[in-house]
Protein chains: 2
Amino acid sequence: MQPNLAISTVIFALRPDENGRNTLMIPLVKRIREPHLGKWALPGGPLVGNESLDEAAARNLRETTGLTPRYLEQLYSFGAPERSAGAAAERVVSIVYWALVGTDEADRAVESENVHWLAADCLPELAFDHNLIVEYALWRLRAKLNYSRVAHGFLGEEFTLAQLREVYEIVLGRPLDKGNFRRSVEASGAIIPTGRVVAGASNRPPALYTYDKTRSLADRGPLNKPSDY
Amino acid sequence: MQPNLAISTVIFALRPDENGRNTLMIPLVKRIREPHLGKWALPGGPLVGNESLDEAAARNLRETTGLTPRYLEQLYSFGAPERSAGAAAERVVSIVYWALVGTDEADRAVESENVHWLAADCLPELAFDHNLIVEYALWRLRAKLNYSRVAHGFLGEEFTLAQLREVYEIVLGRPLDKGNFRRSVEASGAIIPTGRVVAGASNRPPALYTYDKTRSLADRGPLNKPSDY
DNA sequence: GCAAAAGTGTTTGATATACACCCATGC
DNA sequence: GCATGGGTGTATATCAAACACTTTTGC
């Protein structure tokens, strides 16, 4: 008796909350059947067809939320026998991904009675073991901010250093020194000045940057080579 | 049509090679049926029964090699549709673990015509995508040496600093400064002096250490809580 | 000029590295 | 004593953090 295989994704985006403050948020789907009917859950679905796991995650993400991620990475596989329990439900093993989408993209997302964005750091009780999964995804995201360029996944093509710093501050939950931040990002070679600036504000116009699109956002060692999962 | 689910494990141990030099080695199993008949493959098997993924990995490891790991961690899940190909074989999704066993334990391992230890850094062509998997496991092991205590997984209860340093040198493949190594390990609080020393050699007797068994070998964030996978 | 945010400079402490030196043991 | 590896000390470079300062814009 083989367990069922499903793919789910923890999707992160920065969006304004009810007070207008940018917050780290996650789109969740309301359960419309037992078990855990009515609770919020991670978007996901069964693994079918002839696609790779990455492709399956991307497709599922698109179909359930309408979003296209700027970054997508496998998180972990969860398969404790109790996790899908409740009654004598069949066992489900979930291969979970995490993704980043830009704020612009997140605004285009479907939001309905059954799909909703919730703040990542104060979630209600979710279905199954999804609270643990989100916690772990958050932990990984925060760790990865410090040794990779994943932060760019939250931003558009062009951005100012203040915007990039805001991403770090929101995700890490603490203020960062302006000067030191600039230096460390510049030293890492993660950003390229475009030469353009943002005019209009009543202060010195900030310079715009891009990131090097020929380099991937995170070093995943031997898994970097695409199509090898 | 659901894909089949399997669990495999990349097992590392330090063992003397044919020249007597301690080397990072992996036990592999010879394929006794198609596809990839005759090639070496990672030990593994289907996921059955009512156990968690971790338990399944540990059990499978025991049954195929007779080994009990000192460290065991999920590595990644591989599910590219081509990976199990060859003919019109059914698709297999593998949840892969990696494990460390002590040298003493490795010596007790079953070694037969069909189970063999091979040096991790010069493997022949393995079955399926197992070369990629081993490469990735190696990458993870090397990365993790630097920010966790997993190295203790290779050693017994008591060890000298020279033995611990040897583990690092073999895995990383480069010599480390004696003095600096001692300082950094001591500063991290990873080791506890037992008060005992190793007498008998024609030099100053080295002190013996243990590691703190109440702390896990690697910080895995929210996944640290056991039984939550 | 003033407010505001961009951008630069400087000082300090911690950590990594290289390398020289002393210590305890068996022979 | 001498060889051998264990163990300690010290100088230097590199990096992170804290914080003061200058620059450019709109009003």
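Quick summary incoming for the structure in this document. (Residues numbered from 1 in each chain as written. Chains lettered and ligands numbered in written order. Predicted model: local features only at pLDDT ≥ 70, side-chain atom pairs only at ≥ 80, totals over all residues. Heavy atoms only, no water.)

**A word on the environment of Y71 of chain A**
All names here are of chain A.
Okay, step 1: Here Y71 lies in strand 5 (residues 71-78).
Okay, step 2: Counting along the chain gives 28 residues from Y71 to A99, while the straight-line C-alpha distance between them is 5.4 Å.
Okay, step 3: Other than its neighbours up to four places away in sequence, Y71 contacts W98, A99, L100, K144, V150, L217, A218 and R220.
Okay, step 4: Polar side-chain contacts of Y71 include one of 2.3 Å to the side chain of E73. (Helix = DSSP H or I, 4+ residues; strand = E, 2+ residues; numbered from the N terminus. Contact = heavy atoms within 4.5 Å. Polar contact = N/O pair within 3.5 Å; in protein donor to acceptor, adjacent residues only side chain to side chain.)

**Side note on the sheet that holds strand 9 (residues 191-197) of chain A**
Residues and elements named next belong to chain A.
Okay, step 1: Strand order in the open sheet formed by three strands is 8-10-9, with antiparallel pairing between adjacent strands. Of all strands in the sheet, those bounded by a partner on one side alone are strand 8 (159-160) and strand 9.
Okay, step 2: Of the strand pairs in this sheet, strand 9 and strand 10 (residues 207-211) are connected by four bridges, and their pairing is antiparallel. Residue pairing for strand 10: V197 is matched across the bridge by A207. (Pairing = 2+ DSSP bridges.)

**Quick word on the protein's contact with DNA strand C**
Okay, step 1: In the vicinity of DNA strand C lie 19 residues, with R182 and N203 of chain A together with N180, A201 and S202 of chain B positioned nearest.
Okay, step 2: Sugar and phosphate atoms form 52% of the subset of DNA strand C atoms that lie within 4 Å of the protein.
Okay, step 3: Between DNA strand C and the protein, one listed contact pairs a sugar or linking oxygen with a side-chain N or O atom of N203 of chain A at 3.0 Å.
Okay, step 4: The backbone of N203 of chain B places a nitrogen or oxygen atom 3.3 Å from a base oxygen of DNA strand C.
Okay, step 5: Contributing elements (two or more residues each) for the surface near DNA strand C: helix 5 (178-188) of chain A together with helix 5 (178-188) of chain B.
Okay, step 6: Tallied by class, residues from the surface near DNA strand C come to five nonpolar, seven polar and seven charged. (Near = heavy atom within 4 Å. Nonpolar A, V, L, I, M, F, W, Y, C, P; charged D, E, K, R; others polar.)

**Structural notes on helix 1 (residues 53-65) of chain B**
Okay, step 1: Along its 13 residues, helix 1 of chain B runs 18 Å from first to last C-alpha, staying within 8% of the 18 Å computed at 1.5 Å per residue.
Okay, step 2: Within helix 1 of chain B, the full set of buried residues consists of L53, D54, A56, A57, R59, N60, L61 and T65 of chain B.
Okay, step 3: Along its buried surface, helix 1 of chain B packs onto strand 5 and strand 6 (92-100) of chain A together with strand 1 (4-16), strand 4 (44-46), strand 5 (71-78) and strand 6 (92-100) of chain B.
Okay, step 4: Downstream of helix 1 of chain B by one or two residues, G66 of chain B has phi in the positive range, about 80°. (Expected span 1.5 Å × (residues − 1). Buried < 20%, exposed > 50% of the residue type's maximum accessible area, 1.4 Å probe, protein only.)

**Structural notes on the protein's contact with DNA strand D**
Okay, step 1: Within the structure, DNA strand D sits among 20 residues, and N180, S202 and R204 of chain A together with R182 and N203 of chain B are positioned closest to it.
Okay, step 2: Put simply, 51% of the atoms of DNA strand D that lie within 4 Å of the protein are in sugar or phosphate.
Okay, step 3: Between DNA strand D and R183 of chain A, the relevant distance is 3.4 Å, taken from a base nitrogen to a side-chain nitrogen or oxygen of the residue.
Okay, step 4: In the model, a base oxygen of DNA strand D is placed 3.1 Å from a nitrogen or oxygen of the S202 of chain A main chain.
Okay, step 5: Elements represented by at least two residues in the surface near DNA strand D include exactly helix 5 of chain A together with helix 5 of chain B.

**A look at the pairing of strand 6 of chain B**
Residue and element names in this part refer to chain B.
Okay, step 1: Within strand 6, eight of the nine residues are buried, which leaves it mostly tucked inside the rest of the structure.
Okay, step 2: Relative to strand 6, strand 1 runs parallel, the two being bridged by nine bridges. Across the sheet, I7 pairs through a bridge with I95, a residue of strand 6.
Okay, step 3: As judged from the seven bridges shared by strand 5 and strand 6, these two strands associate in the antiparallel manner. Note on strand 6: the bridge partner recorded for Q74 is Y97.

**Remarks on the sheet that holds strand 9 (residues 191-197) of chain B**
Okay, step 1: Spatial strand order, 8-10-9 (chain B): three strands in an open sheet with antiparallel pairing. The open sheet has two free edges, formed respectively by strand 8 (159-160) and strand 9 of chain B, since each of these has just one partner strand.

**As for unusual backbone geometry**
Okay, step 1: Residue P35 of chain A is reached from E34 of chain A by a cis peptide bond, and omega for that bond is -5°.
Okay, step 2: You can see P35 of chain A is positioned in the loop between strand 2 (22-30) and strand 3 (40-41).
Okay, step 3: A positive phi angle, close to 50°, is found at F128 of chain A, a residue other than glycine.
Okay, step 4: Tracing the backbone shows F128 of chain A in the loop between strand 7 (115-119) and helix 3 (130-145).
Okay, step 5: Exposure remark for F128 of chain A: the relative accessible area of 24% places this residue in the partly exposed category.
Okay, step 6: The backbone of H36 of chain B sits at a positive phi, close to 65°, despite the residue not being glycine.
Okay, step 7: Considering the arrangement of structural elements, one finds H36 of chain B in the loop between strand 2 (22-30) and strand 3 (40-41).

**Topic: the packing of helix 4 (residues 161-172) of chain B against helix 5 of chain B**
Residue and element names in this part refer to chain B.
Okay, step 1: Relative to each other, helix 4 and helix 5 sit at 100°, their axes nearing to 11 Å. Taken as axis vectors, helix 4 and helix 5 run roughly perpendicular relative to one another. Residue-level contacts link L161, L164, R165 and Y168 of helix 4 to K178, F181, R182 and V185 of helix 5. (Axes fitted to C-alpha atoms, helices over the stretch in contact; angles between N-to-C directions. Parallel < 35°, antiparallel > 145°, perpendicular 65-115°, else oblique.)

**Notes on the packing of aromatic side chains**
All names here are of chain B.
Okay, step 1: Summed over all chains, the structure comprises 14 aromatic pairs over all chains.
Okay, step 2: With a centroid separation of 6.5 Å and 70° between ring planes, the pair formed by F12 and W98 is classed as edge-to-face. Pair noted here: F12 is in strand 1 and W98 is in strand 6, with a separation of 86 residues, a long-range link. Neither F12 nor W98 differs from the other in exposure class; each is buried.
Okay, step 3: Between Y76 and Y136 the ring centres are 5.6 Å apart and the planes differ by 80°, which places this aromatic pair in the edge-to-face class. Highlighted residues: Y76 in strand 5 and Y136 in helix 3 (residues 130-145), separated in sequence by 60 residues.
Okay, step 4: Overall, Y136 belongs to the buried group, its relative accessible area being 8%. (Phe/Tyr/Trp six-rings, centres within 6.5 Å; stacked < 30°, edge-to-face > 60°.)

**Considering the relation of the copies chain B and chain A**
Okay, step 1: Least-squares fitting of chain B to chain A yields an RMSD of 0.1 Å, with the transformation described by 0.0 Å of translation along the axis and a rotation of 180°. The relationship between the two copies is best expressed as a two-fold rotation axis. (Least-squares fit on C-alpha atoms with pLDDT ≥ 70 in both.)

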